[in-house]
Amino acid sequence: MNIITKLLSIQFSLIVLSFIITNFIPSIYAQEFEFNAEDYFYSEQNPTNSKDVPTILPDSEDTDKENCVDNPMDSLSLPNSGINSDSYTSEFHFIKKFDRDGNLIGSWGTVGSNDGQFLHAHGITIDSQDNVYVSDAENCNIQKFDKDGNFITKWGTKGIGPGKFLQPESMAVDSLNNIYVAEYSRKNIQKFDSEGNFITMWGQEGSGEGEFKKPWGVALDSKDNVYVSDQTLPRVQKFDSDGTFIDMWGKEGKKKGQFVHQHDITVDSNDYVYVTDGRENSRVAVFDTNGKFLKHWGSEGKDEGQFIENHGIVVDLEGNVYVVDTRNVRVQKFDSDGNFITMWGSLGCKDDQFLIPHDIAIDSEGYIYVTDSGKSHFRADYDCNNASQ
């Protein structure tokens, strides 16, 4: 009789435990990891947001879900706060243009899916004629503008195959003005001419030569060799302009030449390769075109020369390096040795502010273009209509 009583008691305890796990743990977990922009974004103009850097940051694009879906509201790995036109004011624009000191020159791009509009402006690159190309990870397309933001053309639709996208990320331009697009979800690189006509593509999911897990950044050197950074695989791969594998370097770690969480990549006029390594390393690493480590700088934090989730990077003809410091909501400028020069940006919806700055490019006159992903990237509970700016 005692054995039966004990068995019944154990069974009852298991039922209670199962009920608690099913009904209470998920809500506790969701509350713990709910992301609020004002908790994690910091700038000098918003000192009330200067909370400690979280040990674990909510994922950005770290998701196996496809981003270009019929309802963009369901496309993110994290719950979102409701992305619609009411979340923005007429002041908010997805593309911001600055001089090299951070003074605002102009802006364009409102929320939507029409020509010149965006849902998730992400990658940006500029050709030799100063035409500006912007990828949209929610609208699944590439749009082309002149340097003043006048719409020229666009291409791409949701789907799998040549000229189609599920999550187009960073882009780069070669000497013939062909456009290379890193396709994050489909694990490949697509190549187009400047009018959007498909040329070729390469890559598939895997860890071998010419394979990718989460290709994020793409850049070209003076010989039109293509360099691709992978957010999951801690390495840089090098190809010719047709996608033939040449070389690769890097491994996971915090030592010189190692990576933890790569984001973007760029090549300067001297063919030095710069890689932003976010999260734990929070630094910029520099290599030659053969993968020889040259130097790095940066650490995690909010001070000058520090980063929280550094993304886009570009180098001007004088060797100055511009880095998008996404979760600190700013752009930082350094000399070629990594010495801090200046920075600009704060949290807000005005044209000289950012919600989620992402990628960066520079034109032949030295003007800086920055994409702002708006509210569609992280779960940012920042309403442009109600915020005091």
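Before any of the text, the structure's been laid out above.
Residues numbered from 1 in each chain as written. Predicted model: local features only at pLDDT ≥ 70, side-chain atom pairs only at ≥ 80, totals over all residues. Heavy atoms only, no water.

A look at the overall build of the protein chain
Put simply, the rule is: Helix and strand assignments follow DSSP, with helices taken as H or I runs no shorter than four residues and strands as E runs no shorter than two, numbered in order from the N terminus. Relative accessibility thresholds used throughout: buried, under 20% of the residue-type maximum; exposed, over 50%; partly exposed, between the two (1.4 Å probe, protein chains only). Each accessible area is a Shrake-Rupley estimate made with a 1.4 Å probe; only the visible protein chains count as cover when residues are assessed.
A count of helical and extended segments in the protein chain gives 3 helices and 28 strands. Sorting the 389 residues of the protein chain into buried and exposed places 57% on the buried side. Roughly 16500 Å² of accessible area belongs to the protein chain as shown, and the carbon and sulfur atoms make up 46% of that amount.

A short note on the sheet that holds strand β20 (residues 273–277)
Going by this rule: One bridge is not enough; two strands pair if DSSP finds at least two bridges between them. Whenever a helix is involved, its axis is fitted only over the stretch in contact; in every case the axis is a line through C-alpha atoms, and angles between N-to-C directions fall within 0 to 180 degrees.
The antiparallel open sheet is built from 4 strands, whose spatial order is β19-β20-β21-β22. Here the strands that pair on one side only, and so sit at the sheet edges, are β19 (262–267) and β22 (293–297). In this sheet, neighbouring strand axes are inclined to one another by 20° on average, regardless of whether the strands run parallel or antiparallel.

What to know about the pairing of strand β7 (residues 141–145)
By the criterion of burial, β7 is predominantly enclosed, with 5 of the 5 residues buried. Burial along β7 is two-sided: the face carrying Asn141, Gln143 and Phe145 and the face carrying Ile142 and Lys144 are both buried. With 5 bridges joining them, strand β6 (residues 132–136) and β7 adopt antiparallel strand pairing. Bridge assignment links Val132 to a residue of β7, and that residue is Phe145. The loop that links β6 with its antiparallel partner β7 comprises 4 residues; one of these, Cys140, has a positive phi angle of about 60°. With 4 bridges connecting them, β7 and strand β8 (residues 151–155) associate as antiparallel partners. Bridge assignment links Gln143 to a residue of β8, and that residue is Lys154. What sits between the antiparallel neighbours β7 and β8 is a turn of 5 residues, in which Gly149 has the positive phi angle 90°.

Observations regarding the pattern of salt bridges
Keep this limit in mind: Think of a salt bridge as a Lys or Arg side-chain nitrogen and an Asp or Glu carboxyl oxygen that are within 4 Å of each other.
Going through the model one piece at a time under the given rule, you end up with 13 salt bridges. With a shortest N-O distance of 3.1 Å, Lys144 and Glu195 are connected by a salt bridge. Of this pair, Lys144 sits in strand β7 while Glu195 sits in the loop between β13 (188–192) and β14 (198–202), placing them 51 residues apart in sequence. Given a relative accessible area of 4%, Lys144 falls into the buried group. Close ionic contact of Glu365 with Lys147 constitutes a salt bridge, the shortest N to O distance being 3.2 Å. With Glu365 in the loop between β27 (357–362) and β28 (368–372) and Lys147 in the loop between β7 and β8, this pair connects stretches of sequence that are 218 residues apart. The exposure class assigned to Glu365 is partly exposed, which follows from its relative accessible area of 46%.

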